[in-house]
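# Analysis of the macromolecular model
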Amino acid sequence: MPITTPLTELLGIRHPILLAPMDTIAGSRLTRAVSEAGGLGILGGGYGDRARLQAEAAELKGFAPFGIGFITWSLAQQPELLDIALNARPQAVMLSFGDPAPFAQRIRASGARLICQVQSEDMAKQALDAGAEILIAQGTEAGGHGASRTTVDIVPAIVDFAAGRVPVVAAGGIADGRGLAAMMMLGASGVLVGTRFYASVEANGSAEAKQRIRTADPNDTVRGVIVDWSRSLFWPAPFTARTLVNDHIRRWTGREIELMQRASEIAKEYAAAKMAGDLEIAAVFAGEAVGLIHDILPAAEIVERIAAEAEQLIADRRNSIASAV
């Protein structure tokens, strides 16, 4: 029996599984595939490539349900990006990092649900004050940018803080039904999944990047500033980026001050490597869930596997309790 939670009821979806809006990786094809399988696909708005957003959003206009996610600071720099997003009529807009208040009223007035990703109770308060209808509690195990609290810590903390006012979704290190079932035991209404969907047929990443995720183990990821500084991106504390370890990471670990001093030179080297697809310099953003990923599957199969495994685990738990009474 499908798992019904406040999240599935609010969004009108069959499974409490959301696609993380991974920059360019979560394109319209992956977004559509996750939604068609019963979850909620969320298109990645990334750092605000206007032409890309227009093209991807156009592919989804008239399709339902789907969401669009942004790094909030990119909207502050390019407010017209929100116009493009809302014109596509998404069912939800997800904002991560930065103050959502300047954009919240327009998002909600459009009829879209406002989803905010948070890494602390203070961020959760800011999001709720702005009118967030769903909170994503992100742990440090997540790929890409995040903070320092673990998923098993931040999820129940945000659940307690929200106190039933809005659904809380868990993110960070979740790649299978065990993760969904475990997060529900902590009070979450669903999960936001990134790295597992990166290793999917429909994801925009290169074949080599997907294979690196498939063959990696949790010790092959690291959180730090090297990748951002190599791109001349200087995120504020407490945010750092989790990626797969590669030669570039090994080269600059412990030499971050020198890297900053040579930022202009290194940025050119990094950009050239990214253009060439050289993944020993350019990063693959991935979370600690890589150790649970052993194949590259269609997104629909990933959704169905996660949902079915979680449903079975929860049913087994209920039966165990019933038989013990």
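Residues numbered from 1 in each chain as written. Predicted model: local features only at pLDDT ≥ 70, side-chain atom pairs only at ≥ 80, totals over all residues. Heavy atoms only, no water.

As annotated in an unreviewed UniProt entry, the chain is NAD(P)H-dependent flavin oxidoreductase from Bradyrhizobium sp. LLZ17.

### So, the pairing of strand β6 (residues 134–138)
Rules: With a 1.4 Å probe rolled over the protein chains alone, any residue whose accessible area is under 20% of its type maximum counts as buried; one over 50% counts as exposed, and the rest are partly exposed. The helix count covers DSSP runs of H or I at least four residues long, the strand count covers runs of E at least two residues long, and both are numbered beginning at the N terminus. Two strands qualify as a pair provided that DSSP identifies no fewer than 2 bridges between them. Orienting the strands away from the viewer, one traces the path from the first strand over the helix to the second; a clockwise path indicates a right-handed crossover.
Burial within β6 is extensive, with 5 of its 5 residues counted as buried. Burial of β6 is two-sided: the residues Ile134, Ile136 and Gln138 facing one way and the residues Leu135 and Ala137 facing the other way are all buried. In this structure, strand β5 (residues 113–118) lies alongside β6, joined through 4 bridges in parallel fashion. Considered in β6, the bridge of Gln117 is made with Ile136. Note that the unit made of β5, helix α7 (residues 121–130) and β6 has a crossover that is right-handed.

### Some thoughts on the pattern of salt bridges
Heads up, the rule is: The term salt bridge refers to a pairing of a side-chain nitrogen on Lys or Arg with a carboxyl oxygen on Asp or Glu at a separation within 4 Å.
For the coordinates displayed, the defined rule picks out 22 salt bridges. Here Glu280 ties to Arg212 by a salt bridge, and the two come within 3.0 Å at their closest N and O atoms. Taken together, the positions of Glu280 in the loop between α15 (263–276) and α16 (299–324) and Arg212 in helix α11 (residues 207–215) put the pair 68 residues apart, joining distant regions of the chain. For Glu280, a relative accessible area of 25% gives the class partly exposed. Measuring nitrogen to oxygen at the nearest pair gives 2.9 Å for the salt bridge that ties Asp247 to Arg250. Here Asp247 and its partner Arg250 are both found in helix α13 (residues 247–252), 3 residues apart, which amounts to about one turn of the helix.

### Let's talk about the packing of aromatic side chains
Using the following cut-off: Planes of paired rings set the category: under 30 degrees apart is stacked, over 60 is edge-to-face and the rest tilted, where pairs are Phe, Tyr or Trp rings (Trp by its six-membered ring) whose centres lie within 6.5 Å. Two conditions define a charge sitting above a ring: the NZ of Lys or the CZ of Arg must be within 6 Å of the ring centre, and it must be within 35 degrees of the ring normal.
The tally for this structure, following the rule as stated, stands at 8 aromatic pairs. Look at Trp235 and Phe239: their rings are 6.2 Å apart centre to centre, the planes differ by 80°, and that puts the pair in the edge-to-face class. This pair shows no difference in class: Trp235 is buried, exactly as Phe239 is. Grouping aromatic residues by their ring pairs yields a cluster made of Tyr47, Trp73, Phe97, Trp235 and Phe239. Lying across the ring of Phe63, Arg32 places its NZ or CZ 4.3 Å from the centre. Note that Arg255 overlies the ring of Trp252, its terminal NZ or CZ placed 4.3 Å from the centroid.

### A short note on the environment of Phe161
Here is the rule we go by: Any two residues whose heavy atoms approach within 4.5 Å at even a single point are treated as in contact.
With respect to the helices and strands, Phe161 occurs in helix α8 (residues 151–162). Phe161 sits 139 residues away from Ala300 along the chain, and the two C-alpha atoms are 33 Å apart. If we ignore the near neighbours within four places in the chain, the residues touching Phe161 are Glu121, Ala124, Lys125 and Leu128.

### Thoughts on the layout of surface pockets
Let me state the cut-off plainly: Site definitions follow a grid-based scheme: protein atoms alone, a 1 Å grid, a 1.4 Å probe that fits but cannot get out for cavities, and for pockets an open set with protein on both sides within 12 Å along at least five of seven lines, plus lining residues having an atom within 4 Å of a point. Grid points are joined across faces, edges and corners, and a volume is the space filled by probe spheres set on the points. Side-chain classes are defined by residue name, with Ala, Val, Leu, Ile, Met, Phe, Trp, Tyr, Cys and Pro counting as nonpolar, Asp, Glu, Lys and Arg as charged, and the others, Gly among them, as polar.
Here the largest pocket is characterised by a volume of approximately 1,100 Å³. Lining the largest pocket are 50 residues, and of these Met22, Asp23, Thr24, Ile25 and Phe285 sit closest to its centre. A per-element tally of the lining of the largest pocket places strand β3 (residues 67–71) first, with 3 residues. A breakdown of the residues in the lining of the largest pocket according to their chemical character gives 25 nonpolar, 20 polar and 5 charged. There is about 220 Å³ of room inside the second largest pocket. In terms of lining, the second largest pocket is formed by Met1, Pro2, Ile3, Thr4, Met184, Met185, Glu311, Gln312, Ile314, Ala315 and Arg318. For the lining of the second largest pocket, the elements supplying multiple residues, two or more each, are α9 (177–185) and α16. With 5 residues, α16 is the largest single contributor of residues to the lining of the second largest pocket. Broken down by class, the residue content of the lining of the second largest pocket amounts to 7 nonpolar, 2 polar and 2 charged.

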